[in-house]
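Here is what each chain is made of, one letter per residue.
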Amino acid sequence: MPAIEFTIEKKIEGALGRAGALKTPHGEVRTPAFVPVGTLAAVKSVTPEELQALGAQMVLANTYHLYLQPGDETVAKAGGLSEFMGWNGPTMTDSGGFQVFSLGFGKGKKGVTKVLRDAATAHENDTATEHTKLVKIDDEGATFTSHIDGTTHRFTPERSIAIQEHIGADIIFAFDECTSPFLPHDSMKASLERTHRWARESLQAKRRSDQALFGIVQGGRYADLREASARFIGGMDFDGFGIGGSFDKNDMTSIVALVNGILPENKPRHMLGIGEVEDMFEGIERGIDLFDCVLPTRLGRNGTILTAQGKYDICKKEHAESFAPIEEGCGCYACAHWTKAYLHHLFKAKELLGYRLATIHNLYFIVHVVDAIRQSILDGTFFEYKKRFLETYLR
RNA sequence: GCGCCGGUCGGAUAGCGGCUAUUCCAGUGGACUGUAAAUCCACGGCCCAACGGGCAUCGCAGGUUCGAGUCCUGCCCGGCGCA
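What counts as what
- Residues numbered from 1 in each chain as written.
- Chains lettered and ligands numbered in written order.
- Predicted model: local features only at pLDDT ≥ 70, side-chain atom pairs only at ≥ 80, totals over all residues.
- Helix = DSSP H or I, 4+ residues; strand = E, 2+ residues; numbered from the N terminus.
- Rg over C-alpha atoms; globule rule 2.2 N^0.38 Å.
- Buried ≥ 20, exposed ≤ 12 C-beta atoms within 10 Å, placed from the backbone.
- Contact = placed C-beta atoms within 7 Å.
- Axes fitted to C-alpha atoms, helices over the stretch in contact; angles between N-to-C directions.
- Parallel < 35°, antiparallel > 145°, perpendicular 65-115°, else oblique.
- Left-handed = near helix turned anticlockwise from the far one by under 90°.
- Core = buried A, V, L, I, M, F, W, Y, C linked by C-beta atoms within 7 Å.
- Domains from an automatic or database assignment.
- Expected span 1.5 Å × (residues − 1).
- Pairing = 2+ DSSP bridges.
- Nonpolar A, V, L, I, M, F, W, Y, C, P; charged D, E, K, R; others polar.

## Structural notes on the overall build of chain A
Inference 1: A tally of helices and strands in chain A yields 17 helices and 16 strands.
Inference 2: Expected size for 395 residues packed as a compact globule is a radius of gyration near 21 Å; at 20 Å, chain A falls within 12% of this value.
Inference 3: Seen through its principal axes, chain A has C-alpha atoms that stretch 60 × 50 × 45 Å.
Inference 4: When the 395 residues of chain A are sorted by exposure, 48% land in the buried category.
Inference 5: A sequence separation of at least 24 residues applies to 70% of the contacts in chain A between residues at least 6 apart.

## Things to note about the packing of helix H8 (residues 157-167) against helix H9 (residues 185-205)
Inference 1: Running from N to C, H8 and H9 point in directions that differ by 45°, and their axes come no closer than 8 Å. With respect to each other, H8 and H9 are oriented oblique. In the packing of H8 onto H9, the handedness of the crossing is right-handed. Counted together, Pro157, Glu158, Ser160, Ile161 and Ala162 of H8 and Trp198, Glu201, Ser202 and Ala205 of H9 form the full contact between these two elements.

## Focus on the nonpolar core
Inference 1: Membership of the largest hydrophobic core comes to 99 residues, with the highest contact counts inside it found for Val35, Val59, Phe214 and Phe291.
Inference 2: With 12 residues, the single largest contributor to this core is helix H16 (residues 352-379).
Inference 3: Shared between two domains, this core takes at least three residues from each, and those domains are domain 1 (5-97 + 153-293) and domain 2 (302-395).
Inference 4: Once residues lying within four places of it in the same chain are set aside, the contact partners of Phe214 are Ile171, Phe173, Ala174, Phe238, Asp239, Gly240, Phe241, Gly242 and His270.

## A short note on H16
Inference 1: Between its first and last C-alpha atoms H16 spans 40 Å; for 28 residues at 1.5 Å apiece the expected length is 40 Å, and the two agree.
Inference 2: Count one or two residues on from H16 and you reach Gly380, which has phi positive near 75°.

## Section: the sheet that holds strand S11 (residues 212-217)
Inference 1: In space, the 8 strands of this open sheet follow the order S4-S14-S13-S12-S11-S10-S6-S5, with parallel pairing throughout. The open sheet is flanked by strand S4 (33-36) and strand S5 (59-62), the only strands paired with a single partner. When the angles between neighbouring strand axes are averaged without regard to direction, this sheet yields 25°.
Inference 2: In this sheet, strand S6 (residues 91-94) lies alongside S5 in parallel orientation, the contact comprising 4 bridges. Bridge pairing in S6 places Leu60 opposite Met92.
Inference 3: Contacting S11 and strand S12 (240-243), helix H10 (residues 223-234) crosses the sheet at an angle of about 160° to S11.

## A closer look at the domain arrangement of chain A
Inference 1: With domains assigned, chain A is organised as domain 1 (5-97 + 153-293) and domain 2 (302-395).
Inference 2: Computed from C-alpha coordinates alone, the two centres of domain 1 and domain 2 are separated by 26 Å.
Inference 3: Of the residues lining the interface, 27 residues belong to domain 1; the matching set on domain 2 comes to 24 residues.
Inference 4: Looking at the side of domain 1 that touches domain 2 element by element, the count peaks at 6 residues for helix H12 (residues 277-285).
Inference 5: Here the side of domain 1 that touches domain 2 is built from residues that sort into 14 nonpolar, 4 polar and 9 charged.

## Examining unusual backbone geometry
Inference 1: A cis geometry characterises the amide bond from Thr31 onward to Pro32, with omega recorded as 0°.
Inference 2: Along the chain, the position of Pro32 falls in the loop between strand S3 (27-31) and S4.
Inference 3: In this structure, the amide linkage connecting Gln69 to the following residue, Pro70, adopts the cis form with an omega of 10°.
Inference 4: Although it is not a glycine, Ala41 sits at a positive phi angle of roughly 60°.
Inference 5: With respect to the element layout, Ala41 can be found in the loop between S4 and helix H1 (48-53).
Inference 6: On the basis of neighbour counts, which here come to 24 C-beta atoms within 10 Å, the residue Ala41 falls in the buried class.
Inference 7: Non-glycine residue Arg395 carries a positive phi angle of around 45°.
Inference 8: With 7 C-beta atoms counted inside 10 Å, the residue Arg395 sits in the exposed group.

Shown next, in the form of structure tokens:
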């Protein structure tokens, strides 16, 4: 008896997209769905009760972080992730593969694309970067330095799975190597082979039967590698699939279509780390069922408010005396009670409530957009909805 | 009137003889996609043959000096103290 059960309710005509439901030991998720990220067993600044009220169905936590703090054993003793954090709903953990990739990239000084290009260059020239000081990858796993206390640790597929079994989320991921999509073909191929080997080892290492294991498709922006990866990973006995790789906007949609055209249709597909609204429309259309992303929560804390009319920066002076809701017509807790002027004030004063309200609003917004997309699939109006929404959102 | 202290980018500051005058706040613009992010970056006087360069600038005016925001003199303004 598998840990999860996935059913498709309706497909988008002429596309790979579908609306469905995913049963997990901790409850059901209506898909497609946006999964908020709670790295350290907490969605930053928001309580589980608030998460539920804003419509979140599932939470993703982070293996690397929880392993370092408070320790996966502690989470296990607490009764597992869900019980520990007081979230009475489905959960998932990523495998730590992404941290191996992202650790030490420095803080948002440049755009993603720039970072990814730099990463590829560093990889090729074997240049020492902040990143390589913290992480060393070999064929068996990754050795890394804790960002908290500088101690040395090692992740292998076996170790990642063991830790994820301790943490006890409903869905766990195979340990993979995430790279810059800009790696040259031969380097990417070598990396992909490693990811594939690790996928097999992750599967073999799995003991618990009440958790679902998702394999991760990599391959960067190379169609042949993505295709090979989708066939390889898709052919294995995983309960579902993740599509990974920090994406370059230009080739994301074609790659997703290619991969999902190959992966078994009856299993759920999760797009790792994607959360820009327009990207989710494209992903869903091409058969993605789940997304997780830090974007809405991080943007919220950094003052960017998501609305159907596009984003805006609440810190701008122009909102100082705007006594209208944060987003006109929004049904979230923050918009029901407070104005832009007030939220602006909270941000300028660095009052903690400001970060909370912005996070609640942004999560509500993104969760509800995906819910609306799901409904449009059920209604057979996906393409109309997509067109209408993006026209005003992207302006 | 005398004495003391002080006048540096919108505000607050650092600098007290030496190369591109510091930092913070406010302002403007930008970034953020499996979270080392309640964070980070840029701009902020004028001019140009402008992804670089030039000229200014530290209350005002002189002076000393190879060189002055920094020292000296006078003036103006503010604060405090004493008459």
